[in-house]
Structures are given as C-alpha cells and as structure tokens.
Amino acid sequence: MAAIDKPPAPRTGAHTVIGSSIVIDGEISGDEDLVILGTVKGRIGLKESLFVESSGVIEADIETANVEVSGQVTGNISASEKVELKADCKVTGDIRAPRILIADGAIFKGNVDMDVKGAK
Amino acid sequence: MATMDGSTIIGESILINGNLNGDEDLTVRGRVEGTVTLTKTLVVEPTGVVKAEVQVKNCVIAGAVVGNVTASESVEITKEGRMIGDISAPRVIIVDGASFRGRIDMGEFEVREGERPERTLSARAAPRPALTTRRPSPAPAPKAEAAEKASAPRPPEPPVPAALGGAKKKVIVRRK
C-alpha cells in the first residue's frame, strides 16, 4: 500500500506530458518541464527541462535549459545548462551546451560544442 | 497526473503551434493552435486555450475554444467554458453559464409524421379558449376605474376602498 502513495510519475514538477500515442507536428514552447513519450516534429523551445523518454521520438530543433534523452532525437540541441544522453538513446544532430553527459550505451552522431558563450 | 501512459497533459505555460494527432486522452491547460485530431477525449481545462480545428471522439470544454469542433460522440461546454465556432456532434451539451457562438449540427434525425401534428393540434386546442375567456373579464375593469379617477380627481365623495390610487388622491385633497 505504501508504494501506491508514490505513483509512477518519475519527474516531479513535470506538468506537461506528451503521451506515447501523440504526434505533434509544429512548435512547442513554454516555461515548464516537458516530458515526451510520443512523437514531436518541428521545434521545441523551453525555459526549463525537456525529458525524452525511451518511447519518445523527436525530429526537431531543441532549445531549452536542460535536456535528458532516453529516446530518439534527430535535430540540433541547444541547452543553456546541461544535455544528458542516457544509455540506449539515439541522437543525431549537433549539441551545444556548457555541460554534456554521454552515458555508456548511448548512440550519438554529430558535433559537440561546450563553449559557454555560445550556449545561450 | 497519476497515470503517465494514456494521458497527455499540456501544462499552463506551454504553447503548441501545429498539428497534434493521437490515440489517447488529451488535457489542455495551456495553449494549442493548429489542428487537434484524437481518437479519444479532449479536455480543455479552465486555463486552457485551443485555437484549432478539433476532431475528436469526445470534447469537454471548460476553457476557451476558438475553431470548429467535430466529435464522433459528444461535445460538452461546462459552465466555465467559452467557445466560438461550429460544433458537429450527435450529442451536444451546453450547461447553464457557458458561452457559445456558432452553429451546431447534431446530424440527421427521423421525424415521425404521424405523431407531430397530433401533438401540436391538441396543445393548441387546450390553452386558446382559456386565454380568450380570462382576458376580457379582469383586464378592462381596473383600466376603466383608473381612467375615471384620472379625469376627475377633485370630487372626493365616491368611496373606492380597493384601489390604491383612490386612497392617495383623498389625502391630497384634505391637505389642500
């Protein structure tokens, strides 16, 4: 019973969730965390964190503060703080952020730029 | 919030501009512009704004919707809901307090030719004689009394206790 009190929601403070069967073709912008389990094509611009879960597929340019990728991303990522490529993720595109973490098992193809000035 | 899978939430500060397709419920607390196509339910919460062509199974509007909504089952506009656009759905529910401007199409429905004329005839037959008999008896009587008092107010002699106008005029005469 105690386990039910802490529900499966893995991200605290994530108000926006794009579910696994959702396909968005266009632009997403906002000031809050965004969790993507579905597909997004176009552009994503956030002032907070973007979480691409393992079922998430993104074909978009991303501009956020933090990015955490467990799924697939095709497009350029520009983060003002941190980009984290988890194990089993697939990322194709250029990454620009002051801090970039690539875990063992991650598949990545593209350029990395950690120049702090260019991050913003 | 509890179920991560099978429910999509667009948060308050989020703006989506483009096409949105899916096979699950969608809750909008932010803004969505473009088109929304779902095989399940779209819920527009009080903070939500949808400016889009919407095609869904069910639609619950508690926020603002500008655009045409086509639902295969139902559209409901709650008391906080505001909508401008056309609705096409077999079931349309508009609650007291909701604001809506647009057309509604609930599709084709059968009209039974035998029943309708009977109902209208019987409904017309009942109230009509009642109205004609009631109207002449009470209505002209007070009007005539009032007219008489207005034309000749000075003589205070005729005692009319029932009418308020008569009582007032009596007081005025005594003061003079």
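Everything quoted here is computed from the prediction, not taken from an experiment. (Residues numbered from 1 in each chain as written. Chains lettered and ligands numbered in written order. Predicted model: local features only at pLDDT ≥ 70, side-chain atom pairs only at ≥ 80, totals over all residues.)

A.B. asks: Just give me the short version of the overall build of chain A, but keep the residues and values in it.
C.D. replies: Assigned secondary structure in chain A consists of two helices and 13 strands. Considering only residue pairs separated by 6 or more positions, chain A has 4% of its internal contacts joining residues 24 or more positions apart. (Helix = DSSP H or I, 4+ residues; strand = E, 2+ residues; numbered from the N terminus. Contact = placed C-beta atoms within 7 Å.)

A.B. asks: Describe in detail the interface of chain A and chain B, supporting the description with residues and values.
C.D. replies: Taken together, the 24 residues of chain A in the interface contact 25 residues of chain B. Secondary-structure elements contributing two or more residues to the side of chain A that touches chain B are strand 1 (16–18) and strand 2 (23–30) of chain A. Ranked by residues supplied to the side of chain A that touches chain B, first place goes to strand 2 of chain A with eight residues. Here the residues of the side of chain A that touches chain B are counted per class, giving ten nonpolar, ten polar and four charged. (Nonpolar A, V, L, I, M, F, W, Y, C, P; charged D, E, K, R; others polar.)

A.B. asks: Kindly report on the pairing of strand 5 (residues 41–44) of chain B, identifying the contributing residues and their values.
C.D. replies: When strand 3 (residues 25–28) of chain B meets strand 5 of chain B, the two strands line up parallel, connected through three bridges. Residue pairing in the sheet places V28(B) in a bridge with V44(B) of strand 5 of chain B. (Pairing = 2+ DSSP bridges.)

A.B. asks: Residues and numbers for unusual backbone geometry, please.
C.D. replies: If a residue is not glycine, its phi is most likely negative; likewise, a peptide bond is most likely trans. Residues and elements named next belong to chain A. With a phi angle near 75°, D88 is a residue other than glycine that sits in the positive phi range. Position of D88 among the secondary structure elements: in the loop between strand 8 (77–85) and strand 9 (90–92). Residue D88 is classed as partly exposed on the basis of its 14 C-beta neighbours within 10 Å. (Buried ≥ 20, exposed ≤ 12 C-beta atoms within 10 Å, placed from the backbone.)

A.B. asks: Break down the pairing of strand 5 (residues 49–52) of chain A for me, with residues and values.
C.D. replies: All names here are of chain A. Of the two faces of strand 5, both are covered, the one formed by S49 and F51 as well as the one formed by L50 and V52. In this sheet, strand 5 lies alongside strand 3 (residues 34–36) in parallel orientation, the contact comprising three bridges. Bridging across to strand 5, I36 finds its partner in V52.

A.B. asks: Break down the environment of G56(A) for me, with residues and values.
C.D. replies: Residue and element names in this part refer to chain A. Within the secondary structure layout, G56 lies in the loop between strand 5 and strand 6 (57–69). With 17 residues separating them in the primary sequence, G56 and T39 have C-alpha atoms 5.8 Å apart. G56 has contacts with I36, L37, G38 and G71, leaving out every residue within four places of it along the chain.

A.B. asks: Describe the confidence of the model for chain A, naming the residues involved and giving the relevant values.
C.D. replies: Within chain A, residue pLDDT values average 87, and 84% of them lie at 70 or more. A low-confidence stretch, residues 1–12 of chain A stays under pLDDT 50, and its non-local contacts, those more than four residues away or across chains, total seven contacts. (pLDDT = per-residue confidence, 0-100.)

A.B. asks: Describe the confidence of the model for chain B, listing the residues and the values that go with them.
C.D. replies: Residues and elements named next belong to chain B. With 60% of its residues at a pLDDT of 70 or more, chain B shows a mean pLDDT of 76. Here helix 4 (residues 164–175) is the element of chain B with the lowest mean pLDDT, 46, and strand 7 (residues 64–66) is the one with the highest, 97. Across residues 129–141, where pLDDT falls below 50, the model places zero contacts with residues more than four positions away in sequence or in other chains. In the predicted structure, residues 163–176 sits below a pLDDT of 50 and forms nine contacts with residues beyond four places in sequence or in another chain.

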